[in-house]
Amino acid sequence: MINHLEGSLERMESRLQGLGFTVGENDTLIGPSASEGVGDISPLRLSLSPTDRSPQVEDVDDTDWGNIYTSPPPGSIRSSASRSPSPHMPNLFGQSSQPQAAVPCFNVPRYLGGILNSGCFSMISQEGLEWITQKTGGESMDHLTRLVLTEERDGFIADYPLHCISPRRVFCPLPPQEHIIRLVERYLEDFNVTFPLFRRSDLLLLFERAHLDVRFQSPGQWAIMNAVLAVAYMLPDNGASKEPDHQKSWLLLKNALEAVNELYLGPPDLRGLQGLLVMVVLFMAASAARPCSFLISVAIHISDQLGLGTTEDISIFTEEEKQERQTVFWLAYCLDREISFRFGEPPVQNDEAISAALPLDAPNCLVYSMPTNDRAGTFSAFASACKLAQIRGEIYQRLYSASATDRPFHQILASVGDLDRKLQEWKDSLPSEFQPESPTLFHSPPVSLILLHMHHTYHNCMIAIHSLIAARGINSAQDLSDHPGYTINPDSLSNPRVLLSASLTSKAARASIGLMKYLPKDDISLGLTMYFPTVALRTLASSIVRNPRDTGQIYNMRILDQAEAFLSSTCSDTTSEGMKRLVKNCAEFRSLAERAMKECY
């Protein structure tokens, strides 16, 4: 048996020598081209046993072997790509100043490369990478390229074992470079001013020509690039076409969604969080509840991991970085409360886990800093919007959460009074010229979308707070005393406005409908805003159905007729699906209210 085995080994050694391999106890297999690729040794930490490691490899300075991080700085990517000798396969490995031996397990016989010569070449040298690309078409290099170009923290594999477990699919190639420039500028001018997630310089740097290949992007960068372009294609007159391109936008959004698993399973990344929030806005504009709920939960999860809602360890950041982190956190917070209100979902962000104070300064964009006539300095609409989001979260928790559904009526009445008082205090904190229902607010164009959204939100909060009382038909203290099922404590009526709930909901609904003439025209802003007049129309129709004999309902019916006439005339000039849905909802609500009044009389 032993003799037979020794003979087999001898024949195998002879065959290997004939193929150009050098076989020996301490020899390293180095082909004629080994010296050509010695400077291209991969920075990956190769796990070789002591017998497989050559003396030359052991002597290599550890500074030439980088750690692996998920989000390499833009400069490192640019420097790697700039040394690319071939347009098909960039040089992935840094040039070393000292020669290194080829690692034996990566050697490939030259005859496999179609070269009639003895010896081997290194599979991880530039020659080897070009050979693999030629044979496979480059598809099998995607994972290796991302792995080499990214750096990992110590213990990354143990903490995030499923990161990059599957390759990203590309449903739509990125547009040409000249179109990208116009689209990004359009995004910055029309969308980023309202949702200031990005600094202009950072976003423009991300879209440089050398950065547009999926193989060279971290998950966060890939998500941002595609989500930003998806938004830009939905904006009118985007430079690539005069009308919004819904199909192109949807395919780019699918590209961005391919990175969501990596963002969730990988280490926390601020860029990934920003990309997720852009996707959330797109789905919210389409009234897609399930994608919004899922994506905002992932975004809040990453925000908590990054510690954006806390004040710990923020001294290591520059003032500009602190401002960016603060803005991103509060935008995520506001979107979380918005989704909770719209779709009846509990908010993801827990207020008890937040130690960061409300932002005092507006983000670095002028639309949130507004000069006032009755106060010194400027008014920060961003801080007021964040405070209003906090009130919305409290409304859901105290009136609509699972724990609030079985509370006694006197506790609900007390909560309604307390929340109404907080909402009025918020209103009084605004400069008089910017308060809801101000007669001079929207008389001078252009209309501020920030203030328009804040006023819609205020009226929506009024409806949400008082509709629980109005739905019970309570209009006076006599109604409370006549109902045998209601037990009232003196504290429950500390705010007398709770007895005016029916009139307050109708008043808020009429005010919200009155703002419809300022509805934005682009699909995204319209999709985000049309929720408010839809709730107002339904509230006004419900008031008529509950009490059709009230003489005040005649005025409410007239408001519904005017709203339907206005929306019908507006819809005739637009192809927006959102506007068509709003017209359909208005017609249905008006029809129900009209039928109730006809049956009454």
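- The name that an unreviewed UniProt entry assigns to the protein is Xylanolytic transcriptional activator regulatory domain-containing protein, with the source organism given as Aspergillus tubingensis.

A short note on the overall build of the protein
Here is step 1 of the chain: The secondary structure content of the protein amounts to 24 helices and six strands.
Here is step 2 of the chain: Across the 601 residues that make up the protein, the buried fraction comes to 50%.
Here is step 3 of the chain: Sequence-distant contacts in the protein: of pairs separated by 6 or more residues, those separated by 24 or more amount to 71%.

A few points about the pattern of salt bridges
Here is step 1 of the chain: In this structure the tally under the stated criterion is 21 salt bridges.
Here is step 2 of the chain: Arg271 serves as the salt-bridge partner of Asp202, at 3.6 Å between the closest nitrogen and oxygen. With Asp202 in helix H9 (residues 200–206) and Arg271 in helix H13 (residues 270–285), the pair connects residues that are 69 residues apart, well separated along the chain.
Here is step 3 of the chain: The exposure class of Arg271 is partly exposed, given its relative accessible area of 27%.
Here is step 4 of the chain: Ionic contacts of the salt-bridge type, sharing partners, join the residues Arg199, Asp202, Arg271, Glu320 and Glu324 into one network.

Observations regarding the packing of helix H22 (residues 531–546) against helix H24 (residues 577–600)
Here is step 1 of the chain: Direction vectors running N to C along H22 and H24 enclose 10°, while the axes themselves pass 8 Å from each other. Classified by the angle their axes make, H22 and H24 are roughly parallel. Touching Pro533, Thr534, Leu537, Arg538, Ala541, Ile544 and Val545 of H22 are Leu582, Asn585, Cys586, Phe589, Leu592, Ala593, Ala596 and Met597, all from H24.

Comments concerning the packing of aromatic side chains
Note on aromatic pairs: each is described by the distance of the centres and the angle between the planes.
Here is step 1 of the chain: By the definition in use, this model includes ten aromatic pairs.
Here is step 2 of the chain: Arranged with centres 6.1 Å apart and planes meeting at 20°, the rings of Trp426 and Tyr458 form a pair that is stacked. One end of the pair, Trp426, is in helix H17 (residues 409–429); the other, Tyr458, is in helix H18 (residues 449–470), and 32 residues separate them in sequence. Assigned by exposure class, Trp426 and Tyr458 land together as buried.

Focus on the environment of Leu282
Here is step 1 of the chain: For Leu282, the position within the fold is in helix H13.
Here is step 2 of the chain: Placed 242 residues apart in sequence, Leu282 and Ile524 show a C-alpha to C-alpha distance of 6.9 Å.
Here is step 3 of the chain: Filtering out sequence-adjacent residues up to four positions away, Leu282 remains in contact with Ala227, Ala230, Val231, Met234, Leu253 and Ile524.

Remarks on H22
Here is step 1 of the chain: Here H22 is 16 residues long and its end C-alpha atoms lie 23 Å apart, about the 22 Å a rise of 1.5 Å per residue gives.
Here is step 2 of the chain: Among the 16 residues of H22, twelve are classified as buried, and the element is accordingly described as predominantly covered.
Here is step 3 of the chain: Listed as buried for H22 are Tyr531, Phe532, Pro533, Thr534, Val535, Ala536, Leu537, Thr539, Leu540, Ala541, Ser543 and Ile544.

A word on empty space enclosed by the protein
Here is step 1 of the chain: Summed over all chains, the structure comprises four cavities of 30 Å³ or more.
Here is step 2 of the chain: Reported here for the largest cavity is a volume of approximately 550 Å³.
Here is step 3 of the chain: Going through the elements one at a time, helix H15 (319–343), helix H16 (381–400), H18 and helix H21 (523–529) are the ones with two or more residues in the lining of the largest cavity.
Here is step 4 of the chain: Its residues placed into classes, the lining of the largest cavity shows 18 nonpolar, five polar and five charged.

So, the confidence of the model for the protein
Here is step 1 of the chain: Averaged over all residues, the pLDDT of the protein equals 75, while 67% of them reach at least 70.
Here is step 2 of the chain: In the model of the protein, strand E1 (residues 68–69) stands out as the element of lowest mean pLDDT, 30, in contrast to H13, which has the highest, 94.
Here is step 3 of the chain: Low pLDDT (under 50) marks residues 25–102, which in the prediction has 136 contacts with non-local residues, meaning those over four places away or in another chain.
Here is step 4 of the chain: Across residues 148–158, where pLDDT falls below 50, the model places 30 contacts with residues more than four positions away in sequence or in other chains.

Digging into unusual backbone geometry
Here is step 1 of the chain: For Ser287, which is not glycine, the phi dihedral falls at a positive 55°.
Here is step 2 of the chain: A relative accessible area of 42% means that Ser287 is categorised as partly exposed.

A short note on the side chain of Asn556
Here is step 1 of the chain: With respect to the helices, strands and loops of the structure, Asn556 is situated in helix H23 (residues 553–571).
Here is step 2 of the chain: Its relative accessible area of 3% is what places Asn556 among the buried residues.
Here is step 3 of the chain: Reaching out from Asn556, the side chain makes a polar contact with the side chain of Arg510 at a distance of 2.7 Å.
Here is step 4 of the chain: Residues in contact with Asn556, not counting those within four places in the same chain, are Ser506, Arg510, Leu540, Ser543 and Ile544.

Notes on the packing of H13 against H15
Here is step 1 of the chain: Viewed as axis vectors pointing N to C, H13 and H15 meet at an angle of 30°, and their least axial separation amounts to 11 Å. Between H13 and H15, the angle is such that the two are roughly parallel. In the crossing of H13 with H15, the sense of the turn from one axis to the other is left-handed. Residues Leu270, Arg271, Leu273, Gln274, Leu277, Val280, Val281 and Met284 of H13 lie in contact with H15, whose contacting residues are Glu324, Arg325, Val328, Ala332, Leu335, Glu338, Ile339 and Arg342.

Points about the state of the cysteines
When the sulfur atoms of two cysteines share a covalent bond, that bond is a disulfide.
Here is step 1 of the chain: Evaluation of the coordinates by the stated rule reveals zero disulfides.
Here is step 2 of the chain: Free cysteine: Cys386, not disulfide-bonded; nearest cysteine sulfur from Cys334 at 4.1 Å.
Here is step 3 of the chain: In this structure Cys386 comes out as buried when scored by relative accessible area, which is 0%.

Topic: the environment of Leu519
Here is step 1 of the chain: With respect to the element layout, Leu519 can be found in the loop between helix H20 (501–514) and H21.
Here is step 2 of the chain: Residues Leu519 and His453, spaced 66 residues apart in sequence, show a C-alpha to C-alpha distance of 9.9 Å.
Here is step 3 of the chain: Excluding its chain neighbours within four sequence positions, the residues that come into contact with Leu519 are Leu526, Thr529, Pro533, Met579 and Leu582.

Some thoughts on H23
Here is step 1 of the chain: The end-to-end C-alpha separation of H23 is 27 Å, in line with the 27 Å expected for 19 residues at 1.5 Å each.
Here is step 2 of the chain: Residues of H23 that are buried: Gln553, Asn556, Met557, Ile559, Leu560, Ala563, Glu564, Leu567, Thr570 and Cys571. The buried residues of H23 occupy an angular sector of 155° when projected down its axis, which confines them to one face.
Here is step 3 of the chain: Lining the buried residues of H23 we find H20, H22 and H24.

Rules used throughout
- Residues numbered from 1 in each chain as written.
- Predicted model: local features only at pLDDT ≥ 70, side-chain atom pairs only at ≥ 80, totals over all residues.
- Heavy atoms only, no water.
- Helix = DSSP H or I, 4+ residues; strand = E, 2+ residues; numbered from the N terminus.
- Buried < 20%, exposed > 50% of the residue type's maximum accessible area, 1.4 Å probe, protein only.
- Contact = heavy atoms within 4.5 Å.
- Salt bridge = Lys/Arg side-chain N within 4 Å of Asp/Glu carboxyl O.
- Axes fitted to C-alpha atoms, helices over the stretch in contact; angles between N-to-C directions.
- Parallel < 35°, antiparallel > 145°, perpendicular 65-115°, else oblique.
- Phe/Tyr/Trp six-rings, centres within 6.5 Å; stacked < 30°, edge-to-face > 60°.
- Expected span 1.5 Å × (residues − 1).
- 1 Å grid on protein atoms, 1.4 Å probe; cavity = no way out; pocket = protein on both sides within 12 Å on 5 of 7 lines; lining within 4 Å.
- Points joined across faces, edges and corners; volume = space filled by probe spheres on them.
- Nonpolar A, V, L, I, M, F, W, Y, C, P; charged D, E, K, R; others polar.
- pLDDT = per-residue confidence, 0-100.
- Polar contact = N/O pair within 3.5 Å; in protein donor to acceptor, adjacent residues only side chain to side chain.
- Left-handed = near helix turned anticlockwise from the far one by under 90°.
- Disulfide = S-S within 2.5 Å.
- Arc of directions from axis to C-beta.

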